[in-house]
Amino acid sequence: MNRDQLSFVRHDMLPEAEPPVTEKGIVKWLRENLFSSVSNTVLTLAAIWAVYYLVSASGPWLINGVWDTSSLSQCREVLQGQVGGCFSVLTERWNQLLFGFKYPTHLYWRPALAFVLLFVALAPVLFSKIFPRKMLVLTGLYPFIAFYLIWGGTILTPIFALLGIVLGFLVYRKLIYQSAAMGLLGGVATAFVFWILTGMLGDTVAGVLALEPVASRDMGGFMLNLMLGVVCVSLSLPLGILLALGRQSTMPIIKVICVVFIEFIRGVPLITLLFVANVVLAYFLPPGTNFDLILRVIIMITMFASAYIAEVIRGGLAALPRGQYEAGDSLGLDYAQSMQFIILPQALKISIPGIVNVAVGLFKDTTLVSVISMFDLVGMVRGPILASTAWNGVYWELFGFSALLFFVVCYGISQYSQWLERQLQTDHH
Amino acid sequence: MKKTVFFGALTAAGLAAGMASAATLDDVKAKGFLQCGVTTGLVGFAAPDANGEWTGFDVGVCRAVAAAIFGDPTAVKFTPTTGKTRFTALASGEVDMLARNTTWTFSRDVDLKFEFNGVNYYDGQGFMIPKNLGVTSAKELDGATVCIQTGTTTELNLADFFRKNNISYEPVPIETNAEGNQQYLAGACDAYTTDASGLASTRATFENPQDHVILPEIISKEPLGPLVRHGDHEWGDVVRWTLNALIAAEELGVTSANVDELAKGTNNPEVNRLLGTEGNLGEMLGLSGDWAVNAIKAGGNYGELFETHIGENTPIGLARGLNAQWTDGGLLYSPPFR
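### Some thoughts on the interface of chain B and chain A
Reasoning step 1: Residue-level contacts link 34 residues of chain B with 27 residues of chain A.
Reasoning step 2: Taking both partners together, chain B and chain A bury about 2400 Å²; carbon and sulfur atoms supply 58% of that area.
Reasoning step 3: Run the count over chain B and chain A and you get one salt bridge.
Reasoning step 4: Notably, a salt bridge pairs B:Glu94 with A:Arg217, separated by 3.8 Å at the nearest N-O pair.
Reasoning step 5: Our enumeration of links across chain B and chain A arrives at four residue pairs in polar contact (both at pLDDT 80 or more).
Reasoning step 6: Elements represented by at least two residues in the side of chain B that touches chain A include exactly β2 (47-48), β4 (76-81), α4 (86-91) and α7 (177-185) of chain B.
Reasoning step 7: In terms of residue count, the dominant contributor to the side of chain B that touches chain A is α7(B) (four residues).

Next comes the structure, spelled out in structure tokens:
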């Protein structure tokens, strides 16, 4: 084709025109996202109506809220029949909601400090790429520090507990080369002998660097939920892994024990286990023994959670192709090594959503202890606060506050797990 | 030979009985405080205040017993119990006594092996309904949904009442009074039934109490009182006579304000015996002579306890009714202190 044959060639570019109104800015966004079809338009309008309804109903209630009266009747006088929340119950009883009604007021800094330290201890575990591995030492020490802070008493109790574990571990390391069973037994026996010996010191050392002791019965509020949740989740994870591996074991006794344990615990409602911990054990234990109630409850909840986590992890193990197991064997790794380096890292990664699901569920289940007359957050609301003459009849404010506290924690856990899944993603599709 | 065996068995039986029964008062004295079972919270009867101190009408009984034994109303520790855990707590020895608005019934006394030590509140089960329902008698509640606390005698009374009157109802089971309150206000049930004292105190917390009525029928007898384990009569007597001392004190005009004055001696021999200036009633109980003085000083006599915690000047606003002294037409009647 010849250049002269072209009758017209534009020499300069057209100036850029503004896009049409319907194709830019908020209008485009609205049209594409909210009103793209008839059904979407209907849904949008319905949603707008629902949001308006919720806000117009709860808005005045929040804005007119009364924060500084000392009883429900006073609060109603201030409101003069208008809609408004009596948030003064929160300002007056916040400490009871957080710490229970018997934890000494001047000692609130101790559980608060333990709570702050919890994040320091968790950081290297949860964000292992950001924080130095050396911080794991803090994580190991944290349970003992937290115990000392929350329960008080002499500092020697947690120190002896720690020393017992260290001693047991050393013996284990010494004996493990002869046989695994001997190592385990020797380690456990050493720790117990050490604890019994130091236990005999008893009252003679009770005053050494002692903080004012607080009895288990005096703990309550959200602190109790957090304590039960954190302790039980962190104990049930390793237990659950062991149970899941035990269930796949080729050794019949171990397999049977694990299967029976898991199936029995999963077949019983948690609330039954809690009743057993609270009332039935009192009949079996010799009169006068004072087996700490919180400890009993922790044991029961941990057993319950570990059975569920074991099943979740078993799902992860089953999802791995057989080739992975055979790969471990062909590399000449023994059982412990192939589990540690090949199987578990993959299986646990698959199991994360399930584990988080159990953890969140378990954390919320800790409110069940209110049924066995322990005053956790819900127990405090349902019992002492609603039964006080001043605040009988306040519901939305108290339960809303409880829901908010639980939501913050559970939402945090779920956000973390999603972040972790992204971190562990190795298949870059 | 046979005789020896017989005596041996007798001794063994005596020892066993001695071990089973003589313990509680000594145990309580040895440990230095009274362990008292209360509710996890019932308006006016037992609830911790903003400082975590237990207060209430039932708590007052515990404090009086502690004061009678130790002379110190704070020498008591409270174990909160729910409707379901209260009896195991007492039977297993976790608590020394239970003061937890518990109804005195035949089977609890005989079959569950407890000993009720008197009545500190005469209650009865009633119904509350919204006024706009237009019902004036409980017998018109045919087909109604009724909120009812599970594990209590009210549940059984309700079934009895409806069966007797040959009408039907649908129960809505609830766990605590607070929950019932909420369900009722939310319209989950047409009527709320519990002890009349509970209904009155619940209604007092409503935003519009005048919109709700308590029906005139009282369908049961609910004598509420403190209880202890069967088989330890010395301990049962301490609780029973401490309660009687509070009731008698009101009848005799002994109050926490004038008890010190009266304890110096009066012209009324019964007051003197009660307060330990004459006779040795305290010694017979295994307590000090001024046990009743301490018990009355702890929270006042029965009338004072009633007025402080649940009386007409409190938000709960209960009238004395059946709980007036027998001289005022009520049922309170303490046996003589002699």
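### Re the packing of aromatic side chains
Residue and element names in this part refer to chain A.
Reasoning step 1: Under the definition given, this model contains 40 aromatic pairs over all chains.
Reasoning step 2: On the numbers, 5.4 Å between centres and 20° between planes, the contact of Trp49 with Tyr53 is stacked. Note that Trp49 and Tyr53 are positioned in helix α2 (residues 38-63) at a spacing of four residues, about one turn of the helix. The same class applies to Trp49 as to Tyr53, namely exposed.

### Remarks on a nonpolar patch on the surface
Residues and elements named next belong to chain A.
Reasoning step 1: Taken together, the side chains of Ile165, Leu184, Val188, Phe192, Val193, Trp195, Ile196, Leu197 and Met200 present a nonpolar region at the surface, about 910 Å² in accessible area.
Reasoning step 2: Ranked by residues supplied to the nonpolar patch, first place goes to helix α8 (residues 180-201) with eight residues.
Reasoning step 3: Its location among the elements puts Phe192 in helix α8.
Reasoning step 4: Exposure remark for Phe192: the relative accessible area of 47% places this residue in the partly exposed category.

### Section: the nonpolar core
Reasoning step 1: In terms of nonpolar packing, the biggest core is built from 89 residues, with A:Leu398, B:Met97, B:Trp235, B:Leu275 and B:Trp291 touching the most fellow members.
Reasoning step 2: Ignoring any residue separated from it by four or fewer positions in sequence, one finds A:Leu398 in contact with A:Val89, A:Leu90, A:Leu97, A:Val381, A:Ile385 and A:Leu386.
Reasoning step 3: Among the nonpolar cores identified, the runner-up in size contains 58 residues, and A:Leu211, A:Leu228, A:Ile313 and A:Ile372 belong to it.

### Re the state of the cysteines
Residue and element names in this part refer to chain B.
Reasoning step 1: Under the defined criterion, the tally for this structure stands at three disulfides over all chains.
Reasoning step 2: The disulfide partner of Cys36 is Cys62, and the S-S distance across this bridge is 2.0 Å. Here Cys36 and Cys62 share a disulfide; its torsion about the S-S bond, -50°, makes the bridge left-handed. One end of the pair, Cys36, is in strand β1 (residues 34-39); the other, Cys62, is in helix α3 (residues 57-70), with 26 residues separating them in the sequence.
Reasoning step 3: Judged by relative accessible area, Cys62 falls into the buried class, the value being 0%.
Reasoning step 4: The disulfide partner of Cys147 is Cys189, and the S-S distance across this bridge is 2.0 Å. As the torsion about the S-S bond is roughly -95°, the Cys147-Cys189 disulfide counts as left-handed. Taken together, the residues span a long stretch of sequence, with Cys147 in strand β9 (residues 144-149) and Cys189 in the loop between α7 and β11 (191-195) at a distance of 42 residues. Each member of the pair Cys147 and Cys189 is classed as buried.

### Quick word on the sheet that holds β11(B)
Through backbone hydrogen bonds, the strands of a sheet pair up, either in parallel or in antiparallel fashion.
Residues and elements named next belong to chain B.
Reasoning step 1: Reading across from one edge, β10-β9-β11-β8-β12 is the order of the five strands in this open sheet, with mixed pairing throughout. Here the strands that pair on one side only, and so sit at the sheet edges, are β10 (169-174) and β12 (212-214). Across the sheet, the mean angle separating the axes of adjacent strands is 30° when strand polarity is ignored.
Reasoning step 2: Sheet strands touched by helix α6 (residues 153-164): β8 (125-130), β9, β10 and β11. Its angle to β9, the strand with the most contacts, is close to 150°.
Reasoning step 3: Contacts between α7 and the sheet are confined to β8, β9, β10, β11 and β12, with β11 contributing the most and set at about 155° to the helix.

### Section: the pattern of salt bridges
Residues and elements named next belong to chain A.
Reasoning step 1: Within the structure shown, the criterion is met by 18 salt bridges over all chains.
Reasoning step 2: Of the charged contacts in the structure, one is a salt bridge between Glu18 and Lys24, with a shortest N-O distance of 3.1 Å.
Reasoning step 3: Between Arg266 and Glu311 there is a salt bridge, and its shortest N-O distance comes to 3.7 Å. Note that Arg266 is positioned in helix α10 (residues 252-266) and Glu311 in helix α12 (residues 293-319), a separation of 45 residues in sequence.
Reasoning step 4: With a relative accessible area of 32%, Arg266 lands in the partly exposed category.
Reasoning step 5: Look at the salt bridges and you will find they share partners, linking Arg247, Glu263, Arg266, Glu311 and Arg314 into a network.

### Here we look at helix α4 (residues 88-99) of chain A
Reasoning step 1: Helix length check: α4(A) (twelve residues) gives 18 Å between terminal C-alpha atoms against 16 Å at 1.5 Å per residue, within 8%.
Reasoning step 2: For α4(A), every residue scored as buried is listed here: A:Ser88, A:Val89, A:Leu90, A:Arg93, A:Asn95, A:Gln96, A:Leu97 and A:Phe99.
Reasoning step 3: As for α4(A), its buried residues are in contact with α5 (109-126), α9 (221-247), α15 (377-387) and α16 (396-424) of chain A together with β2 of chain B.
Reasoning step 4: Following α4(A) by one or two positions, A:Gly100 has its phi on the positive side, about 85°.

### Quick look at unusual backbone geometry
Residue and element names in this part refer to chain B.
Reasoning step 1: Although it is not a glycine, Lys113 sits at a positive phi angle of roughly 65°.
Reasoning step 2: Mapped onto the secondary structure, Lys113 falls in the loop between α5 (106-110) and β6 (114-116).
Reasoning step 3: Judged by its relative accessible area of 49%, Lys113 falls in the partly exposed class.
Reasoning step 4: Of note in the backbone geometry, Asn166 takes a positive phi value of approximately 60° without being a glycine.
Reasoning step 5: As for its placement among the helices and strands, Asn166 is situated in the loop between α6 and β10.
Reasoning step 6: On the basis of relative accessibility, which here comes to 70%, the residue Asn166 falls in the exposed class.

### What to know about the environment of A:Leu98
Reasoning step 1: Inspection of the secondary structure assignment puts A:Leu98 in helix α4.
Reasoning step 2: As a C-alpha pair, A:Leu98 and A:Leu320 span 222 residues in sequence and 44 Å in three-dimensional space.

### Describing the confidence of the model for chain B
Reasoning step 1: Averaged over every residue, the pLDDT of chain B is 86; residues scoring 70 or more account for 93%.
Reasoning step 2: For residues 1-22 of chain B, every residue scores under 50 in pLDDT, and the model assigns this stretch three contacts once sequence neighbours within four places are set aside.

Rules used in this analysis
Residues numbered from 1 in each chain as written. Chains lettered and ligands numbered in written order. Predicted model: local features only at pLDDT ≥ 70, side-chain atom pairs only at ≥ 80, totals over all residues. Heavy atoms only, no water. Contact = heavy atoms within 4.5 Å. Buried area = accessible area lost by both parts, 1.4 Å probe. Salt bridge = Lys/Arg side-chain N within 4 Å of Asp/Glu carboxyl O. Polar contact = N/O pair within 3.5 Å; in protein donor to acceptor, adjacent residues only side chain to side chain. Helix = DSSP H or I, 4+ residues; strand = E, 2+ residues; numbered from the N terminus. Phe/Tyr/Trp six-rings, centres within 6.5 Å; stacked < 30°, edge-to-face > 60°. Buried < 20%, exposed > 50% of the residue type's maximum accessible area, 1.4 Å probe, protein only. Patch = residues over 30% accessible without salt bridge, like charges linked within 9 Å, V, L, I, M, F, W, Y side chains within 5 Å. Areas by Shrake-Rupley, 256 points an atom, 1.4 Å probe, with all protein chains shown as cover. Core = buried A, V, L, I, M, F, W, Y, C linked by side-chain atoms within 4.5 Å. Disulfide = S-S within 2.5 Å. Pairing = 2+ DSSP bridges. Axes fitted to C-alpha atoms, helices over the stretch in contact; angles between N-to-C directions. Expected span 1.5 Å × (residues − 1). pLDDT = per-residue confidence, 0-100.

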